[in-house]
Protein chains: 2
Amino acid sequence: MTTLPPDAELLRLDHQVCFSLHAASRAFGGVYRDALKDLGLTYPQYLVMLVLWEHGAQPVKAIGERLRLDSGTLSPLLKRLETAGLVHRERSTEDERSVTVHLTPAGDELREAALPVPRRILAATGLTVEELRTLRGLLGRVTGALDAS
Amino acid sequence: MTTLPPDAELLRLDHQVCFSLHAASRAFGGVYRDALKDLGLTYPQYLVMLVLWEHGAQPVKAIGERLRLDSGTLSPLLKRLETAGLVHRERSTEDERSVTVHLTPAGDELREAALPVPRRILAATGLTVEELRTLRGLLGRVTGALDAS
DNA sequence: GAGATTTAAGTTGTGCGCAACTTGATTGCG
DNA sequence: CGCAATCAAGTTGCGCACAACTTAAATCTC
């Protein structure tokens, strides 16, 4: 569609994209930090709670697959959520390797307090719905391609 | 342009974008980890080296502004780069609060070894140049808006 | 059925990211 | 001038991310 850029510019573009991604991810982190402070959650903890609110109790493995996180990250994170009284872990009886993560009543209740969060973030992005869809689409494709390579 | 989606979908879209961003950022991290292993650099260390290769010796403060990182992150990172012999730090004589970061000859030479890295990453993304531009644009706008809020 | 392989979760160690703080230098203001 | 406010860099502490490893259970294979 356009003239292909010279090599140098192309390579520059690449690291600009990576850098933008890195910066944007941390900028989101900052806004979430504020929005979640009252709930006492970090952003990754909030992601885990979203999974549990939406899909119910499930094994650590399943949470990890949904969030692209391994047990080295999830185990201590879940331990903190358990200490905070939001979650409890129970070793499965059928397969004793597996541990199922359940919401406690407090964890379930927190859902309501978390409802206004997404709107705050949405407003802070300054993007239109169209743009958000485009962004989500591109990011999804990149992640898929990168993971495959 | 399109029918506005109902509230629930809109809020869903928001956390999907945040999640995609988080996931994409980590996926890039993984690919860079492989590409930079031979150079003995992590991705954030590589970003610092890019700044020095491109703009020459400069104070910690300036590096932090370019990369959106504070001294709590940069100080130990620079110490590691110094231990690796790629960089050395010198306290400014005019303003003794400031520390200027210089490339060592080894740090300068590493530039050549790093040249093939961007192309590898570029290929791994699976996106066209158009799409990369769009992505960079959207991410830049989001970061700006989020930082301002 | 016994032994090798695979699997789920957890542990350890390293580095990044950031808040909160310390230290020492500079600037600004009365 | 003198002292407060500001500023640059560094330190500490905590949580996330991930590689490499351990442990214990399930599965596969002969």
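Thresholds applied
Residues numbered from 1 in each chain as written. Chains lettered and ligands numbered in written order. Predicted model: local features only at pLDDT ≥ 70, side-chain atom pairs only at ≥ 80, totals over all residues. Heavy atoms only, no water. Axes fitted to C-alpha atoms, helices over the stretch in contact; angles between N-to-C directions. Helix = DSSP H or I, 4+ residues; strand = E, 2+ residues; numbered from the N terminus. Parallel < 35°, antiparallel > 145°, perpendicular 65-115°, else oblique. Left-handed = near helix turned anticlockwise from the far one by under 90°. Contact = heavy atoms within 4.5 Å. Nonpolar A, V, L, I, M, F, W, Y, C, P; charged D, E, K, R; others polar. Buried < 20%, exposed > 50% of the residue type's maximum accessible area, 1.4 Å probe, protein only. Arc of directions from axis to C-beta. Near = heavy atom within 4 Å. Polar contact = N/O pair within 3.5 Å; in protein donor to acceptor, adjacent residues only side chain to side chain. Core = buried A, V, L, I, M, F, W, Y, C linked by side-chain atoms within 4.5 Å. Least-squares fit on C-alpha atoms with pLDDT ≥ 70 in both. Buried area = accessible area lost by both parts, 1.4 Å probe. Salt bridge = Lys/Arg side-chain N within 4 Å of Asp/Glu carboxyl O. Expected span 1.5 Å × (residues − 1).

**As for the packing of helix α7 (residues 129–148) of chain A against helix α7 (residues 129–148) of chain B**
Angle between the axes and distance between the axes: these two values describe a pair of packed helices. Axis separation between α7(A) and α7(B) bottoms out at 10 Å; the angle between their running directions is 120°. Classified by the interaxial angle, the pair formed by α7(A) and α7(B) is oblique. At the point where α7(A) passes α7(B), the crossing takes the left-handed sense. Taking contact as the criterion, the partners of A:E131, A:T134, A:L135, A:L138, A:L139, A:R141 and A:V142 in α7(A) are, on α7(B), B:E131, B:T134, B:L135, B:L138, B:L139, B:R141 and B:V142. Among the residues forming the contact of α7(A) with α7(B), the class breakdown is 8 nonpolar, 2 polar and 4 charged.

**Brief notes about helix α6 (residues 117–125) of chain B**
Residue and element names in this part refer to chain B. Looking at α6, one finds that the buried residues are V117, P118, I121, L122, A124 and T125. In a view along the axis of α6, the buried residues occupy a sector of 165°, so they form one face of it. G126 occupies a position one or two residues after α6 and carries a positive phi of about 70°.

**So, the protein's contact with DNA strand C**
Neighbouring residues of DNA strand C: 27 residues in total, closest A:H22, A:K61, A:S71, A:S75 and B:R80. Taking all atoms of DNA strand C within 4 Å of the protein, the share assigned to sugar and phosphate is 78%. One of the side-chain N or O atoms of A:R89 is found 3.0 Å from a phosphate oxygen in DNA strand C. Split into classes, the residues belonging to the surface near DNA strand C amount to 6 nonpolar, 9 polar and 12 charged.

**Regarding the protein's contact with DNA strand D**
Close contacts around DNA strand D come from 27 residues, with A:T42, A:R80, B:H22, B:K61 and B:S71 the closest. The contact in question runs from a base nitrogen of DNA strand D to an N or O atom on the backbone of A:G72, over 3.5 Å. Between DNA strand D and B:V60 there is a distance of 3.3 Å, counted from a phosphate oxygen to a backbone nitrogen or oxygen. Residue assignment for the surface near DNA strand D shows that the elements contributing at least two residues are α2 (43–55) and α4 (71–83) of chain A together with α1 (7–37), α3 (60–67) and α4 (71–83) of chain B. Of the residues contributing to the surface near DNA strand D, the split by class is 6 nonpolar, 9 polar and 12 charged.

**Quick word on the nonpolar core**
Ranked by internal contacts, the top residues of the largest apolar core, which has 96 residues, are A:Y46 and B:Y46. In this structure A:Y46 touches A:Y32, A:L36, A:L41, A:W53, A:A114, A:V117 and A:P118, once residues within four positions along its chain are discounted.

**A word on the relation of the copies chain A and chain B**
After a rotation of 180° and a shift along the axis of 0.0 Å, chain A superposes on chain B with an RMSD of 0.0 Å. Here the two chains are linked by the operation of a two-fold rotation axis. When you check the interface residues of chain A against chain B, 100% turn up at the interface there too, and the contact is symmetric in its surfaces.

**Describing the environment of B:T143**
Topologically, B:T143 is positioned in helix α7. A C-alpha to C-alpha distance of 20 Å links B:T143 and B:E130, two positions 13 residues apart in sequence. Residues within four places of B:T143 in sequence aside, it is in contact with A:S20, A:A23, A:A24, A:A27 and B:R68.

**Some points on the interface of chain A and chain B**
Across the boundary between the two partners, chain A contributes 59 residues, which contact 59 residues of chain B. Across the chain A to chain B interface the summed buried area is about 6,100 Å²; carbon plus sulfur atoms make up 67%. Across the pair A:R141 and B:E131 runs a salt bridge whose closest N-O atoms are separated by 2.5 Å. Viewed at the interface, chain B and chain A are joined by 14 residue pairs in polar contact (both at pLDDT 80 or more). Contributing elements (two or more residues each) for the side of chain A that touches chain B: α1 (7–37), α2, α3 (60–67), α6 (117–125) and α7 of chain A. If you tally residues by element for the side of chain A that touches chain B, the top one is α1(A), at 23 residues. Residues that form the side of chain A that touches chain B fall into these classes: 33 nonpolar, 11 polar and 15 charged.

**Thoughts on α4(B)**
Residues and elements named next belong to chain B. A rise of 1.5 Å per residue sets the reference length of α4, with its 13 residues, at 18 Å; its end C-alpha atoms lie 18 Å apart and thus fit the reference within 8%. Buried residues along α4 sit against α2 (43–55), α3, β2 (87–91) and β3 (99–103). Looking at the residues trailing α4, positive phi occurs at G85, about 80°.

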